[in-house]
Amino acid sequence: MKGHLREGKCHLSLGNAMAASRCFQRVLELEPDSSQAQQELKNAESILEYERMAEIGFEKRDFRMVVFCMDRALEAAAACHRFKILKAECLALLGRYPEAQSVASDILRMDPTNADALYVRGLCLYYEDCIDKAVQFFVQALRMAPDHDKARLACRDAKALKAKKEEGNKAFKEGNFEAAYELYSEALTIDPNNIKTNAKLFCNRATVGSKLKKLEQAIEDCTKAIKLDETYIKAYLRRAQCYMDTEQYEEAVRDYEKVYQTEKTKEHKHLLKHAQLELKKSKRKDYYKVLGVNKNATEEEIKKAYRKRALLHHPDRHSGATPELQKEEEKKFKEVGEAFSVLSDPKKKSRYDSGQDLEEEGMNMGDFDANNIFKAFFGGPGGFSFEASGPGNFFFQFG
């Protein structure tokens, strides 16, 4: 009876719950009232139940459940490498790499040829984007166990992922952005579980997308990268730049604030200040848009634009329009004059471009008269007149 009990405990410690159950049942056949055998049989049955639950959890990709079940099973089967390996594999799939590596390393210290432990070490390195080292462990695992399917598939995926990523990088460096975009997209289909590598691939594709002027897609890719890795500074920086390029300044400021909180460098501080300035500037009138010129417009281009817009919106041209339209055109005429008064004055333009308030230093924009600016520009009174040549048609007579 004692021999069966000892044998059962050995089986139980090694995780062989079925064999352990048979031993304890033999003890109970010999001594039905043995409380020790009854308790050990319950332990064996519990382990079988945890194994069953873990198998279901793994199929459903509920890796937390598997880790929980293996922890409970290991309380009674402390020497079971199989349970430890399954726990370590699920820890790796959950992104808990240090814990997974610790479990695998403990097994390898006792058994350096354990193919399952070698596979888990490789898996951790693979998911941490150390692909070359990961392949070495997968190859070593396959030497120990040539029919190890998981190691073989992981080795294949690791090599394919590395090759496709390098092809994309090469195409990008050569300026072949369309090809790079496609190659990064193909790489992203290889292994959805590789979070860190996929985060980098999304960010790489976002960089290419911004080069191709696919800015909204680039923003989306950066968001996917951040969802996979919330600490990925490069993705925040790329997305912030895309927000700047699409004039979404509030979003850009949020991303730059996140970056600066994480890494307080001079460069990140400068980027944040610049975004905050652009946000401030975006909340006022855009005089360049009012005149229909870009921010690098020359003095002559600004004058030409004013001439065109001022004549287009002059109240006299719309004297026969409805009161509502007259009011709207008068407003636009005033805005055009206001824009010209700022952009044609080097001092005001400099302050405006730098984001400073024009009301400071006596530059009160409410004091100017759009008609006076118009008269001064066109040579004073009598310099022009609006005359109707038919309903809705006007021509300009210059004196």
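Residues numbered from 1 in each chain as written. Predicted model: local features only at pLDDT ≥ 70, side-chain atom pairs only at ≥ 80, totals over all residues. Heavy atoms only, no water.

Draft legend 1. View of unusual backbone geometry. Phi is positive for R61, which is not a glycine, with a value near 60 degrees. With respect to the helices, strands and loops of the structure, R61 is situated in the loop between α3 (35-59) and α4 (63-76). (Helix = DSSP H or I, 4+ residues; strand = E, 2+ residues; numbered from the N terminus.)

Draft legend 2. Highlighting the packing of helix α5 (residues 81-93) against helix α7 (residues 115-127). In contact at an axis separation of 9 Å, α5 and α7 are set at 10 degrees when each is read in the N-to-C sense. By the angle between their directions, the pair α5 and α7 is classed as roughly parallel. Packed against α5, whose contacting residues are I85, A88, E89, A92 and L93, the element α7 presents D116, A117, Y119, V120, L123, C124 and Y127 at the interface. Of the residues in the contact of α5 with α7, the class split is 10 nonpolar, no polar and 2 charged. (Axes fitted to C-alpha atoms, helices over the stretch in contact; angles between N-to-C directions. Parallel < 35°, antiparallel > 145°, perpendicular 65-115°, else oblique. Contact = heavy atoms within 4.5 Å. Nonpolar A, V, L, I, M, F, W, Y, C, P; charged D, E, K, R; others polar.)

Draft legend 3. The pattern of salt bridges, seen in detail. Taken as a whole and judged by the stated rule, the model has 23 salt bridges. Note that E220 is salt-bridged to K224, the shortest N-O span being 3.5 Å. Of this pair, E220 and K224 both sit in helix α12 (residues 215-228), 4 residues apart, which is roughly one turn of the helix. Taking the relative accessible area as the measure of exposure, E220 reaches 45% and is therefore partly exposed. For K224, a relative accessible area of 32% gives the class partly exposed. Linking E338 and K285 is a salt bridge whose minimum nitrogen-to-oxygen distance equals 3.3 Å. Here E338 is found in helix α18 (residues 323-343), whereas its partner K285 is found in the loop between α15 (266-282) and α16 (287-291), with 53 residues between them in sequence. Residue class for E338 comes out buried when judged on its relative accessible area of 8%. With a relative accessible area of 38%, K285 lands in the partly exposed category. Each of D129, K165 and K200 takes part in one network of salt bridges that share partners. (Salt bridge = Lys/Arg side-chain N within 4 Å of Asp/Glu carboxyl O. Buried < 20%, exposed > 50% of the residue type's maximum accessible area, 1.4 Å probe, protein only.)

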